[in-house]
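Per-entry structural report
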Amino acid sequence: MTITIYHNPACGTSRNTLAMIRQSGEEPVVIEYLNTPPDRETLIDLIEKSGLTVRTAMRSKEPVFKELGLENPNLSDGRLLDAMLAHPILINRPFVVTPKGVRQCRPSEMVLDILPNPDIGPFTKEDGEVVIDANGKRVRSPTV
């Protein structure tokens, strides 16, 4: 069984997601997508299988988003994809692929819905937010 995470080690959400995968007993394939961006076909596949639109899969908080005028609602998906491929920082993260599906794991606990073993025991995020309490119960369900 293979799990793949498109990871940015500078991102807390991505680090928390990776930690949950590892705590589940899996060692995923880690693709640092800023260094090794997905090709166009893979990016489209990740977006479609996660149930997102191209626009919702973008990271609009990055300065390059505004610099390129990507807030324009009339831009085509093709133009948005071109921007994401030219500037991988615009790809919102992390995307995770498991045998149970594909998710953009924001918030990070969304990964639990697609892990083969979601019973990972207690888990607290880097910022101190409890995801799974000492009794193994999820504190809150993520919203999609």
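See the structure printed just above.
Residues numbered from 1 in each chain as written. Predicted model: local features only at pLDDT ≥ 70, side-chain atom pairs only at ≥ 80, totals over all residues. Heavy atoms only, no water.

For the protein chain, the count of helices and strands is four helices and six strands. A compact globule built from 144 residues would reach a C-alpha radius of gyration of about 15 Å, and the protein chain, at 15 Å, matches this within 12%. With the principal axes as the frame, the protein chain shows a C-alpha extent of 50 × 30 × 25 Å. Classification of the 144 residues of the protein chain by burial places 41% in the buried group. (Helix = DSSP H or I, 4+ residues; strand = E, 2+ residues; numbered from the N terminus. Rg over C-alpha atoms; globule rule 2.2 N^0.38 Å. Buried < 20%, exposed > 50% of the residue type's maximum accessible area, 1.4 Å probe, protein only.)

In this section: the side chain of Thr17. Examined against the element boundaries, Thr17 turns out to sit in helix α1 (residues 12–23). What makes Thr17 buried here is its relative accessible area of 0%. Ignoring sequence-local partners within four residues, the contact set of Thr17 consists of Ile5, Pro94, Val96, Cys105, Ser108 and Val111. (Contact = heavy atoms within 4.5 Å.)

Considered for burial, the residues of helix α2 (residues 40–49) that qualify are Leu43, Leu46 and Ile47. Each buried residue of α2 lies within a common arc of 95° when the element is viewed along its axis, so the set occupies one face. More than 90 degrees from the buried face of α2, the exposed residues found are Glu41, Glu48 and Lys49. Looking at the buried side of α2, the elements it contacts are β1 (4–7), α4 (77–86), β3 (95–98) and β4 (101–104). Immediately beyond the C-terminal end of α2, within one or two residues, lies Gly51, with a positive phi of roughly 80°. (Arc of directions from axis to C-beta.)

To continue, consider α1. Look at α1: 16 Å from first C-alpha to last across 12 residues, which is about the 16 Å you get at 1.5 Å a residue. All of the buried residues along α1 are Thr13, Ser14, Asn16, Thr17, Leu18, Met20 and Ile21. Against the buried residues of α1 lie β1, β2 (29–32), β3, β5 (123–124) and β6 (130–132). Positive backbone phi, approximately 100°, marks Gly25, located one or two places after α1. (Expected span 1.5 Å × (residues − 1).)

In space, the four strands of this open sheet follow the order β2-β1-β3-β4, with mixed pairing throughout. Each of the sheet's edge strands pairs with one partner strand only, and the pair in question is β2 and β4. Sheet twist, expressed as the mean angle between neighbouring strand axes with direction ignored, is 15°. Of the strand pairs in this sheet, β1 and β2 are connected by four bridges, and their pairing is parallel. Paired with Tyr6 across the strands is Ile31, a residue of β2. Packed onto the sheet, α2 meets β1, β3 and β4 and runs at close to 80° relative to β3. (Pairing = 2+ DSSP bridges. Axes fitted to C-alpha atoms, helices over the stretch in contact; angles between N-to-C directions.)

With that out of the way, let us pick up the packing of α2 against α4. For the pair α2 and α4, the least separation of the axes is 11 Å and the interaxial angle reads 115°. Judged by the angle between their axes, α2 and α4 are roughly perpendicular. Between α2 and α4 lies a crossing whose hand is right-handed. Residues Arg40, Leu43, Ile44 and Ile47 of α2 touch α4, and the partners they reach there are Gly78, Leu81, Asp82, Met84 and Leu85. Of the residues in the contact of α2 with α4, the class split is six nonpolar, one polar and two charged. (Parallel < 35°, antiparallel > 145°, perpendicular 65-115°, else oblique. Left-handed = near helix turned anticlockwise from the far one by under 90°. Nonpolar A, V, L, I, M, F, W, Y, C, P; charged D, E, K, R; others polar.)

These figures capture arrangement, not role.
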